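What the coordinates show
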Amino acid sequence: MRHVYICSIRVPSFCRFSLACCLVLMLSHSTGAASALAASGLLDGETVSIETVHIEGLIHTKPETLLRLLPRSVPAEFTRAEVEEFERRVRNLSLFDRVQVTRSDRNVTIDVEEKITLAPILNFTSGSSVKDLNATVGLVEYNLFGTGTHLGGQFNYSQRGPNVEVWLSQHSYEPDRWAKEIKGAYNVNGIRFADSASTWTRNRIGGEVELKGPYRYGSPLRYEVVVKVYHELINDEQGGQRSPDGYYVGMIPEIMWDKYHWHDLVPSGYRIGLALKPGFFFGANQQRHEVELSYLQGIPLSSTTVLMINSLAEAVNSSGNPNHSLLIGSIAGVRGLSDNLYRNRAQAYTNMELRHAIQVAPRWATQGVLFSDFGAFQSFTGDGNVRDWRGTVNIGAGMRIIPTFLSNTLLRVDVAHLFSPSPNSLIQFGITQYF
């Protein structure tokens, strides 16, 4: 019988150090707060019988959106680990700024406080020059039809050109569903170099279809695959030899080990991912492959303080074509580093932030941040040659104002001083966390 649910979530030293941080921190022990159900007397390995589930606090979210995150339908037996994993999945939907799970005999109550999920996208991140800023205007619904599905569209100025993107994405926390995402984009990117007068404009129009495998209980292993296609056109070339136009087709398998617990102020746990991106560019008969290793961890130091680490190491096959390259700068990578300038064959960087939050009002908080970004990169020249590795490092401090009732929205100000490859100071603004 199905019960009724009552509703009332050569590698240089910089690269070696960055990758070592990933491996060492992945082995460190970091746990979030245990669920209220586990704290009420349920021991490791012990099971509890649950017959009914009551959900309180929902406004637009359907009860089934949360209930489908359970490993099995009630009535059923659940272990402490399964209950804690269920609460983590509810939190990771990012739809609620409070989630409490409590048990009374064979009944469970889920009490949530729902965020405002229809939100404008008004992102602004200052770059190292006015031309290199990143500005976005758009609209996104994070909870379409109460299902946790994202629907959005945005206009973005980035890489010295206009970009348009639309997407529809299901969340990936149901244990028995292949989540789907479809995305379309048009990009105009200005290509330039630090030591060459060669410039051109790269235009791309294309899309992606992504399938995310069922996220089963009992294992943090996640897997997904993306099919990506785009048409590339080169315009306004000055200096050098014109690159050919063509079509790209690629398939991106990715695996992740996900034990990350999302939280507005104090995330915990870690997530590591590996993506292989084989592809082929028709028109130049060119192989365009890429590999990416990513790592994210939150280490809570108190109920309001957390040490955050974000690392990325990636490389492309050296085709001698800067149109197939990686990008590092202030917008993503190392704050204070020139944007849209270093187009790289390989790069690695780590962002470290010590965040301390103060609750100033119900559902409002301020957060002070001390940070350091460091990394290394191997850039292309304008004619497609590859330079030696260069290192980069900064230190800085920042402040965030966080309205926890809004999904994925805050006010961020960071002040960074870059020491290498050339001294620079930068004040950066954003409407999301840097990572």
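Values in this document were obtained by computation on a predicted structure and should not be read as measured data.

**Remarks on the pattern of salt bridges**
Using the criterion set out here, one finds 29 salt bridges in the structure. Put simply, Glu 82 and Arg 72 hold a salt bridge, and the shortest N to O gap is 2.8 Å. With Glu 82 in helix α3 (residues 80–91) and Arg 72 in the loop between α2 (63–67) and β4 (76–79), the pair connects residues that are 10 residues apart, well separated along the chain. Take Arg 72: its relative accessible area is 34%, and that puts it in the partly exposed class. A salt bridge links Glu 208 to Lys 228, with the shortest nitrogen-to-oxygen separation between them at 4.0 Å. Note that Glu 208 is positioned in strand β13 (residues 196–212) and Lys 228 in strand β14 (residues 221–238), a separation of 20 residues in sequence. Members of the salt-bridge network, linked through shared partners, are Arg 335, Glu 353, Arg 355, Asp 373, Arg 400, Arg 412 and Asp 414.

**Considerations on a nonpolar patch on the surface**
On the surface, a cluster of nonpolar side chains totalling about 860 Å² of accessible area is made up of Leu 151, Leu 168, Ile 182, Val 209, Val 227, Val 229, Tyr 247, Val 249, Met 251 and Phe 282. Mapped by element, the contributors of at least two residues to the nonpolar patch are β14 and β15 (246–261). Ranked by the residues each element gives to the nonpolar patch, the list is headed by β15, at 3 residues. Overall, Met 251 belongs to the partly exposed group, its relative accessible area being 45%.

**So, the pairing of strand β9 (residues 134–144)**
Consecutive side chains along a regular strand alternate between the two faces of the sheet. Among the 11 residues of β9, 8 are classified as buried, and the element is accordingly described as predominantly covered. As judged from the 8 bridges shared by β9 and strand β10 (residues 149–158), these two strands associate in the antiparallel manner. Bridge assignment links Ala 135 to a residue of β10, and that residue is Tyr 157.

**As for empty space enclosed by the protein**
For the largest cavity, the calculated volume is near 90 Å³. Among the elements of the structure, α3 and β6 (107–114) are those that each provide at least two residues to the lining of the largest cavity. With 3 residues, the single largest contributor to the lining of the largest cavity is α3. Looking at the lining of the largest cavity, its residues break down into 10 nonpolar, no polar and 1 charged. The computed volume of the second largest cavity comes to approximately 60 Å³. Lining of the second largest cavity is provided by Arg 91, Phe 96, Asp 97, Arg 98, Val 99, Trp 262, His 263 and Asp 264. No other element matches the 4 residues that strand β5 (residues 96–104) contributes to the lining of the second largest cavity. The residue inventory of the lining of the second largest cavity, partitioned by class, reads 3 nonpolar, 1 polar and 4 charged.

**Description of the confidence of the model for the chain**
Close inspection of predicted coordinates is inappropriate for parts of the model with low pLDDT. On average, residues of the chain carry a pLDDT of 87, and 88% of them reach 70 or more. Throughout residues 1–36 the model reports pLDDT below 50, and contacts reaching past four residues in sequence, or to other chains, amount to 78 contacts.

**Comments concerning the environment of Asp 195**
Examined against the element boundaries, Asp 195 turns out to sit in the loop between β12 (179–193) and β13. Contact partners of Asp 195, with chain neighbours within four places excluded, come to Thr 381 and Arg 387.

**A look at the side chain of Thr 404**
Position of Thr 404 relative to the elements: it lies in the loop between β24 (390–403) and β25 (411–420). We classify Thr 404 as buried; its relative accessible area is 7%. If we skip the residues at most four places from it in the chain, Thr 404 touches Asp 97, Lys 115, Asp 264, Arg 363 and Trp 364.

Each value, and the rule that gives it
- Residues numbered from 1 in each chain as written.
- Predicted model: local features only at pLDDT ≥ 70, side-chain atom pairs only at ≥ 80, totals over all residues.
- Heavy atoms only, no water.
- Salt bridge = Lys/Arg side-chain N within 4 Å of Asp/Glu carboxyl O.
- Helix = DSSP H or I, 4+ residues; strand = E, 2+ residues; numbered from the N terminus.
- Buried < 20%, exposed > 50% of the residue type's maximum accessible area, 1.4 Å probe, protein only.
- Patch = residues over 30% accessible without salt bridge, like charges linked within 9 Å, V, L, I, M, F, W, Y side chains within 5 Å.
- Areas by Shrake-Rupley, 256 points an atom, 1.4 Å probe, with all protein chains shown as cover.
- Pairing = 2+ DSSP bridges.
- 1 Å grid on protein atoms, 1.4 Å probe; cavity = no way out; pocket = protein on both sides within 12 Å on 5 of 7 lines; lining within 4 Å.
- Points joined across faces, edges and corners; volume = space filled by probe spheres on them.
- Nonpolar A, V, L, I, M, F, W, Y, C, P; charged D, E, K, R; others polar.
- pLDDT = per-residue confidence, 0-100.
- Contact = heavy atoms within 4.5 Å.

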